[in-house]
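What follows is each chain in one-letter form.
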Amino acid sequence: GTFISCLLLKMKMVVNAKDAMTYFAAMRSRNNKGIVVPSQKRYVCYYDYLIHNKVLTNKIIITSLKMKTVPKVSFFKRSCRPVIVIENDTNVYNSEEHLKLKEYSSNTEDIVFDIKCFHCSGDVTVRLYHKGRIGKDKLISKVSFNTFFVPRNGEMIIEKKMIDEACNDEDN
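Residues numbered from 1 in each chain as written. Predicted model: local features only at pLDDT ≥ 70, side-chain atom pairs only at ≥ 80, totals over all residues. Heavy atoms only, no water.

S.K.: Would you mind going over the pattern of salt bridges with me for this structure?
M.R.: One side chain can pair with another of opposite charge once the charged atoms of both are near each other. Scanning the model with the defined rule gives 5 salt bridges in all. Linking Glu 87 and Arg 127 is a salt bridge whose minimum nitrogen-to-oxygen distance equals 2.3 Å. Within this pair, whereas Glu 87 is found in strand β3 (residues 82–87), its partner Arg 127 is found in strand β7 (residues 123–130), the two being separated by 40 residues in sequence. Its relative accessible area of 29% is what places Glu 87 among the partly exposed residues. Residues Glu 96 and Lys 131 are paired through a salt bridge, measuring 3.1 Å at the closest nitrogen-oxygen approach. A residue pair is termed long-range when its members are at least 10 positions apart, and Glu 96 in helix α4 (residues 95–98) and Lys 131 in the loop between β7 and β8 (138–146) qualify at 35 residues. (Salt bridge = Lys/Arg side-chain N within 4 Å of Asp/Glu carboxyl O. Helix = DSSP H or I, 4+ residues; strand = E, 2+ residues; numbered from the N terminus. Buried < 20%, exposed > 50% of the residue type's maximum accessible area, 1.4 Å probe, protein only.)

S.K.: Which parts of the structure should I look at to understand the environment of Thr 63?
M.R.: Looking at the element boundaries, Thr 63 is found in strand β1 (residues 59–67). For Thr 63, a relative accessible area of 39% puts it in the partly exposed group. Here the alpha-carbon distance between Thr 63 and Ile 115, two residues 52 residues apart in the chain, equals 4.9 Å. Apart from residues lying up to four places away in sequence, Thr 63 is in contact with Phe 113, Asp 114, Ile 115 and Lys 116. (Contact = heavy atoms within 4.5 Å.)

S.K.: Whenever I open this one, helix α3 (residues 38–52) confuses me. Can you help?
M.R.: Residues three or four positions apart in an α-helix share a direction because the helix packs 3.6 residues into each turn. Along its 15 residues, α3 runs 22 Å from first to last C-alpha, staying within 8% of the 21 Å computed at 1.5 Å per residue. Within the span of α3, buried status applies to Pro 38, Ser 39, Arg 42, Val 44, Tyr 46 and Asp 48. Contacts from the buried residues of α3 go to α1 (2–10), α2 (17–28) and β8. (Expected span 1.5 Å × (residues − 1).)

S.K.: Which parts of the structure should I look at to understand the state of the cysteines?
M.R.: Think of a disulfide as a covalent bridge from one cysteine sulfur atom to another cysteine sulfur atom. Inspection of every chain in the model, using the stated rule, returns 0 disulfides. As a non-bridged cysteine, Cys 117 has Cys 120 as the owner of its nearest cysteine sulfur, 9.9 Å distant. (Disulfide = S-S within 2.5 Å.)

S.K.: I tried to follow the environment of Asn 31 on my own but got confused; where do I start?
M.R.: Locating Asn 31 in the fold gives a position in the loop between α2 and α3. A distance of 2.9 Å separates polar atoms of two side chains, one belonging to Asn 31 and the other to Ser 29. Side-chain polar atoms of Asn 31 contact the backbone nitrogen of Lys 33, separated by 3.2 Å. (Polar contact = N/O pair within 3.5 Å; in protein donor to acceptor, adjacent residues only side chain to side chain.)

S.K.: What is the right way to look at the packing of aromatic side chains in this model?
M.R.: The relative placement of two aromatic rings is captured by the distance of their centres and the angle of their planes. Taken as a whole and judged by the stated rule, the model has 6 aromatic pairs. Consider the rings of Tyr 46 and Phe 149, whose centres lie 4.0 Å apart with planes at 5°: the pair is stacked. Placement of the pair is Tyr 46 in helix α3 and Phe 149 in the segment after β8, with a sequence separation of 103 residues. Judged by centre distance (6.4 Å) and plane angle (70°), the rings of Tyr 93 and Phe 118 are edge-to-face. One end of the pair, Tyr 93, is in strand β4 (residues 92–94); the other, Phe 118, is in strand β6 (residues 111–121), and 25 residues separate them in sequence. Note on Tyr 93: relative accessible area 5%, which makes it buried. The exposure class of Phe 118 is buried, given its relative accessible area of 5%. Among the aromatic side chains, those forming a connected cluster through ring pairs are Tyr 43, Tyr 46, Tyr 49, Phe 148 and Phe 149. (Phe/Tyr/Trp six-rings, centres within 6.5 Å; stacked < 30°, edge-to-face > 60°.)

Right, here's the structure in full:
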């Protein structure tokens, strides 16, 4: 869906990202269900902007990430041991390698990851995992963005409805 919507923009069959996604949804299904993943919607909008404007790569430094609420990992588990992984084409940051792992209860207000200095440009993906005590880590959510669209003040606020996986979670 993301590729087709971008192709519609490139071929000038539609005038903007919203029209491209609407057209794709109408052609794909009877119930107009098209692109539903927030990062994919965001990238169609990015592409729309890029083809209508001259842009340059924007290099940024991520120094911290803040979570406004603590996700519940399961019905019985009212806490989370979060691990953040940030990736782009050239760099990877894993909070397990730099920060002490802590367990946070669901009534904790904010969790701040003090990253210090992660240089990146272009496409970036941030994944949030729950570090399990036994077995695999559980992917809780992820968000992808392009550094060109990070505001000039450097503070990027991504609401829950724009975070993959978390946008469908009605319990947190």
